[in-house]
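# Coordinate inspection notes
This is what each chain is made of:
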Amino acid sequence: MAAPAQQPTQPGGGKRKGKAQYVPAKRARRCDAGGPRQLEPGLQGILITCNMNERKCVEEAYSLLNEYGDDLYGPEKFTDKDQQTSGSEGEDDDVEAALKKEVGDIKASTEMRLRRFQSVESGANNVVFIRTLGIEPEKLVHHILQDMYKTKKKKTRVILRMLPISGTCKAFLEDMKKYAETFLEPWFKAPNKGTFQIVYKSRNNSHMNREEVIKELAGIVGSLNSENKVDLTNPQYTVVVEIIKAVCCLSVVKDYMLFRKYNLQEVVKSAKDPSQLNPKQGNGKEPKLESGDKLNQNKPAEGKNNQQVVPEISEELGQIKPTSEMQVVNEGGAKPEIVSQVTEGSKSNENDLS
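Keep in mind that this is a model prediction, so the values were computed, not measured.

Definitions and cut-offs
- Residues numbered from 1 in each chain as written.
- Predicted model: local features only at pLDDT ≥ 70, side-chain atom pairs only at ≥ 80, totals over all residues.
- Heavy atoms only, no water.
- pLDDT = per-residue confidence, 0-100.
- Contact = heavy atoms within 4.5 Å.
- Axes fitted to C-alpha atoms, helices over the stretch in contact; angles between N-to-C directions.
- Helix = DSSP H or I, 4+ residues; strand = E, 2+ residues; numbered from the N terminus.
- Parallel < 35°, antiparallel > 145°, perpendicular 65-115°, else oblique.
- Nonpolar A, V, L, I, M, F, W, Y, C, P; charged D, E, K, R; others polar.
- Pairing = 2+ DSSP bridges.
- Buried < 20%, exposed > 50% of the residue type's maximum accessible area, 1.4 Å probe, protein only.
- Core = buried A, V, L, I, M, F, W, Y, C linked by side-chain atoms within 4.5 Å.

## Digging into the confidence of the model for the chain
- Across the chain, pLDDT averages 75, with 60% of residues at or above 70.
- Confidence drops under pLDDT 50 across residues 23–33; counting only partners more than four residues distant or on other chains, this segment forms 8 contacts.
- Contacts from residues 79–92, a stretch scored under 50 in pLDDT, to residues over four places away or in other chains number 11 contacts.

Have a look at this one:
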């Protein structure tokens, strides 16, 4: 009697047990690489946005960053574990010295396993954070965008924006103010100066106010040097503020507008591509310009007056009279009186024919 009662609970118990065994194993593999597993204060790295495919985004990021990282800083070097642990072998009567050696060996082994670029959990969907070690994120990202802007060669399919993060802190206003006072000094403290703008973005956070953050950071920049001015069209520096949950990511970048807000998909487009978007933006005005161009192409020669063109169009198609009137007024070659005379003459001709 007990066996049938336990049969329905066994499949459920088996699934739960398998799931419980899988999750710790996944976390253990993430810890093997060393360093933090998720975004937290005190990190430097690169914040990358993607389009619904984070795994492919991480692969593209590793490929792109390693390519340009080797170009700037040389190939990444690794050390063998045997060389690190061989120094700890030996007898030492001093217990304190032995403990210090052991701690040093542990730190050396963890540093050995740290890679130049390591993906960590960002805490937001479609956002990838790549922790960096031993490099300057803003210098590397600017080098990537500058090369792609010059060559116009598309190297990614999933990555949208790539923002360098020079520092992180807790996403609370008082913590951000204390951190920004020292963080912004290399760019804005006297004698350094420049025009700036502040770009703010918040994800999975509801306790921060955008207006308050921008106001406080702008006040800090102004207090560092009174000659720092705000410029929203073409600033020298752009202060990037990215908040994800309880972590605030800060950076100061150059050429933010030139590199299309650090968008890898837009920066490779040529100068002709943005002009193709104008017909979508001005649907009400573009058809008039196109009709005017067509009418200009139908003119027999530049030496002829507009008076000769308007009667021909009005006699053949009476519906095109408004466009002919606009043509004469826009070109400025004939006065409104001439238009009225022409239209009256065309009406008389129509009455004679009828």
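The structure having been displayed, the exposition proceeds.
## Notes on the packing of helix α3 (residues 54–73) against helix α6 (residues 137–151)
- Running from N to C, α3 and α6 point in directions that differ by 105°, and their axes come no closer than 10 Å. Considered as vectors, α3 and α6 are oriented roughly perpendicular to each other. Counted together, L64, L65, Y68, G69, D71, L72 and Y73 of α3 and K139, L140, H143, I144, D147 and M148 of α6 form the full contact between these two elements.
- Looking at the contact of α3 with α6, its residues break down into 8 nonpolar, 2 polar and 3 charged.

## What about the sheet that holds strand β7 (residues 229–230)?
- With mixed pairing, the 5 strands of this open sheet are ordered in space as β5-β9-β8-β6-β7. Across the chains shown, the open sheet's two edge strands, defined by having one partner strand only, are β5 (167–170) and β7.
- Here strand β6 (residues 195–203) pairs with strand β8 (residues 237–244) via 8 bridges, running parallel. Paired with F196 across the strands is Y237, a residue of β8.
- Along the sheet face, helix α7 (residues 173–183) touches β5, β8 and β9 (247–253) and points at about 155° away from the line of β5.

## What about the environment of Q118?
- Looking at the secondary structure, you find Q118 in strand β2 (residues 117–120).
- The exposure class assigned to Q118 is buried, which follows from its relative accessible area of 18%.

## Details of the nonpolar core
- Core analysis: the largest hydrophobic core is formed by 41 residues, its most contacted members being I48, L65, L140, I144, M162 and Y262.
- Of all the elements in the fold, those that place two or more residues in this core are β1 (45–50), α3, β2, β3 (127–132), α6, β4 (159–165), β8 and β9.
- Among the elements that take part in this core, α3 stands out by supplying 6 residues, more than any other.
- Not counting the four nearest positions on each side in its chain, I144 is found in contact with L64, L65, Y68 and M162.
- If you look at the next biggest cluster of nonpolar residues, it comprises 25 residues, including C169, M176, I220 and V239.

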